[in-house]
Structure formats: structure tokens, C-alpha cells
Amino acid sequence: MAQPGAAVMDAPLLALTRRRSGAPNGLPADTAAAENMRQLMQLRWIAVVGQTLTILFVHFALGVPLPLAEMLSVALFLAGANFVARMALPHHRVRNIEVMVALLIDMGVLTLQLYFSGGATNPFISLFLLQVVLGAILLPPASVAILLFAAGLSYALLTVRYVPLELPIGLIPEGADLFAIGRWIGFLMVATLLVMFIVRISRNLHARDDYLSDLRQHAAEEEGIVRMGLFASGAAHELGTPLGSLSVILADWRRMPAIAADPQLAGEVEEMQAEVRRCKAIVSDILHSAGQPRGEAMESVRAAAYLDELAAAWRPTHPQVPLGYSRDGVEAAVVAADPALRQAVWNLLDNAAAASPTGVGLIVRAEGEMLSIAVRDFGPGFEPDALAHVGKPYQSSKGAGHGLGLFLAANVARRLGGRLEARNLDSGAEVRILLPLAGTGGE
């Protein structure tokens, strides 16, 4: 007959590995071991309570005599071991060998409880298979071999040494095979637990595959950014000479009597000089950024002043496109920013102006612990396919080679700890950069 404690003895064995998808740097081996140990400890507490209640119920309610002191001592030992492990877990790195030792302790507890409840004749002897399966999935081959040896040795010892069960007369109807019923229950329990375990592992493997796919995608995007950075740096060097020549030529033109005497021509030359100066400033910014280590220029800034300056600087570059700028509740907000953030918002405004020459909007507000920088336009909006891939390289309705503005903005937002979102409105579209607030200016 399956004896008390045996039915719940398997609970500690279901230490299911759970990988945290979305962790930036993956789940290293010691973290995976700590997660397995944490799962094991949670299930052990259930096992301790279940064993204790089952032993007391069977001994006092069913009248099956059990060595209470010994069996309850085993449950108490498991509780003590779990308490010690719980106290030690936050203070050191868990290794796979410690997970193996924990499984060996569980196997030892199962062996003792079966020893006091019929030994190998107990139908729940098959629960040893769960430890072996668990070890085969979670641990390296050498550790699995140790678990397999321990399970085989425990089974062999329980076939020759155990405390026989003394079933009271009248416990079951005459003719019933109590051990057959126990084997049937044991089979269903092992099958159910194995299914639960395999389903959980399969879900974790799918999550891991999705996470690895995201890592590959991010690596490809980072590689694309590096290539574009190298290309931009080389192009900036090449553009320096012709821009310098244009600046000299325009200065000469402006001094020519025919042009100086014509206010219209003089104004156009002055406008061309302003555009050349702007191009030279952009080239200088590219070369300056290319020479800086990544993240060196990041700093905390007041969001209101930063975006006020950005909006004021963008307006003269598109004098024909009205800019509706508003901000709400961000007067004291502080965010982390670097030169790339300014260019990212600038690119979003340029894209909006191209889609909506009649006007664009820049709306800034605080949303909980995030700063929302929203750029709106009144154009046709995103195509459904493009909206589903916003932030991916070369996804644009303008054709091949476009779409880098949104891609770079998404990467800037992610590097600063935020994200980029896009949606279609009733009239036009909205793209938002969400950044975590670093505090307030008064703190």
C-alpha cells in the first residue's frame, strides 16, 4: 500500500527550471542554478506540510500504525534543510553541484520515508524516476550519473531492508487488492507529474528560443548601426573639403558688386551661406560623436529646457511647417540624454514634416515614471505592415534605403532605458519616445 508521505514525497522533486526572458544579458549558469534552487525550496515547503498532515491522518484516522517519531523527524529535517538553504541563497552564487546535493537530499528523504512505509513494496517507489529525469534535464552528465547511482542503490537497499506495513483488519473491503490500487495511483501520479514537468520545460525552451531570436535581432541592428556610423564618419570627412570650398565661393560671391547691389541675390547668397554653415555644423557633430566612447556624453538634463531649445532650433529649419509645441507637468522633470537623443527627436520631426506640410505637433508630458515625447502629424498615417515593423531598419513607405530615422530613434530610446511606440490617429500618426525619469530638478 502507498504509505503517507510517499504521495507527497515527490513534491520537492519538481524543481522546474524557469528562465527569465527579456533579461538584457541572458541567464548565466549560476543564476539558472539559483532559480532551480528557489523552485525546489518552494516545493519543499509544500512537501513538508503535506507529509506531516498525511502521516498524522493515516496514523490516527485510518489506524495504520506508523513510526511517528522517525517519519516526522525526517519531515522536520527536510524543513530545517530548506530553511538553511533559504537563508543562504541570497548571499552566495548557487552552483549546479548544490542543486545536485539538494536532489540527493530529497532522494534520501524519499528513501527514509519509504523505508518506514513498506520499502520497495510501496507502489510509490517509482517516484525515484522523477529525480533521475529532473537531473537529466537540469544537470550535466556527471551529476546525472551520480543521481542514477544513488537511485539504484536506494532501490536495492529498500528491497532488503524496510519496516513492513501492518494493515488493520477491515481497512478495505474483502477481495480488494490495496497494492494494485496503490500502483494505479502511483502510475497516474508519476505520469501527471512528468507531463507537467515536460510541458513546463517545453514552455521555457520556447521562451529561451524567443529570447535568443531577440538577441540575434538586436545584434544585427547594432551591427547595422556600427556600419552606418562608420559610413557617416567617412562621409563627414569627405564632405569637409567641398563644404569648405562652397563657403569660400559664397563669401566671394557676396563681395561681388553685382550681387551686393541686388538685395534679392544678396539675400539668397546669405541663405545659402547659412545652409552651408548648418551642413558644416552637422559634419562637425558627426566627427565629434564618432570620436567619443559610447555613452560618454550621456548626462542628466532638465526635460523642459532641453526640449524647449530643441523645438526652437528646429523651427527655423522648416519655416514653412508650423510646429505646435506643448508640454505639461515636466517643468521639474530630469532625464538622461545624449547628443543622439536630440538627433532622434529631430528625425521624427523631419519625418512628420515630410508627411504633413500643413503642420506637426510636439507634445511632451509625464506619464507615471516615464517622460513621453510625442511627435504627431496630419498625414496619411502608417501602412498596417509598416506599423507592425516600426523601429526596424529600412521599413519605410518612401522606398528602399529609407526608414533609418525611426530605426535610430528606437535604438536611442532603448539605449537610454526607454522604448519607441507608434500608432495611427483619426487624422495622421503619432510616434512617441518614452524615457524613464531620472528625478526632478528639486531633488
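For the structure itself, look to the data block above.
Conventions used here
Residues numbered from 1 in each chain as written. Predicted model: local features only at pLDDT ≥ 70, side-chain atom pairs only at ≥ 80, totals over all residues. Heavy atoms only, no water. Salt bridge = Lys/Arg side-chain N within 4 Å of Asp/Glu carboxyl O. Helix = DSSP H or I, 4+ residues; strand = E, 2+ residues; numbered from the N terminus. Buried < 20%, exposed > 50% of the residue type's maximum accessible area, 1.4 Å probe, protein only. Axes fitted to C-alpha atoms, helices over the stretch in contact; angles between N-to-C directions. Parallel < 35°, antiparallel > 145°, perpendicular 65-115°, else oblique. Contact = heavy atoms within 4.5 Å. Nonpolar A, V, L, I, M, F, W, Y, C, P; charged D, E, K, R; others polar. Core = buried A, V, L, I, M, F, W, Y, C linked by side-chain atoms within 4.5 Å.

Draft legend 1. How the structure looks around the pattern of salt bridges. Considering all chains together, one arrives at ten salt bridges under this definition. Between Arg327 and Glu331 there is a salt bridge, with the nearest N and O atoms lying 3.6 Å from each other. Measuring nitrogen to oxygen at the nearest pair gives 2.7 Å for the salt bridge that ties Glu367 to Arg432. Here the residue Glu367 occupies a position in strand E4 (residues 360-367), and Arg432 occupies one in strand E7 (residues 429-440), the gap between them amounting to 65 residues. Since its relative accessible area comes to 14%, Arg432 is described here as buried. In the salt-bridge network here, residues are joined through shared partners; they are Arg365, Glu367, Arg419, Glu421 and Arg432.

Draft legend 2. Here's a closer look at the packing of helix H4 (residues 128-138) against helix H5 (residues 141-160). Orientation of H4 relative to H5, taken along the N-to-C sense of each, is 175°, at an axis distance of 9 Å. Of the possible angle classes, the one that applies to H4 and H5 is roughly antiparallel. Within the contact between the two elements, H4 uses Phe128, Gln131, Val132, Gly135 and Ala136 and H5 uses Val144, Leu147, Leu148, Ala151, Ser154 and Leu158. For the contact of H4 with H5, the class distribution of residues is eight nonpolar, three polar and no charged.

Draft legend 3. Structural context of the nonpolar core. Judged by nonpolar contacts, the single largest core of 37 residues is most densely connected at Trp314, Leu341, Val345, Leu349, Leu362, Ile373 and Ile433. Among the elements of the structure, helix H9 (303-314), strand E3 (333-337), helix H10 (339-355), E4, strand E5 (370-377), helix H12 (404-415) and E7 are those that each provide at least two residues to this core. The greatest single-element share of this core, amounting to eight residues, is contributed by H10. If sequence neighbours within four positions are ignored, Ile373 has contacts with Leu307, Val345, Leu362, Ile363, Val431, Arg432, Ile433 and Leu435. One finds Leu114, Ile125, Ala151 and Leu193 within the second-largest nonpolar core, a separate group that totals 31 residues.

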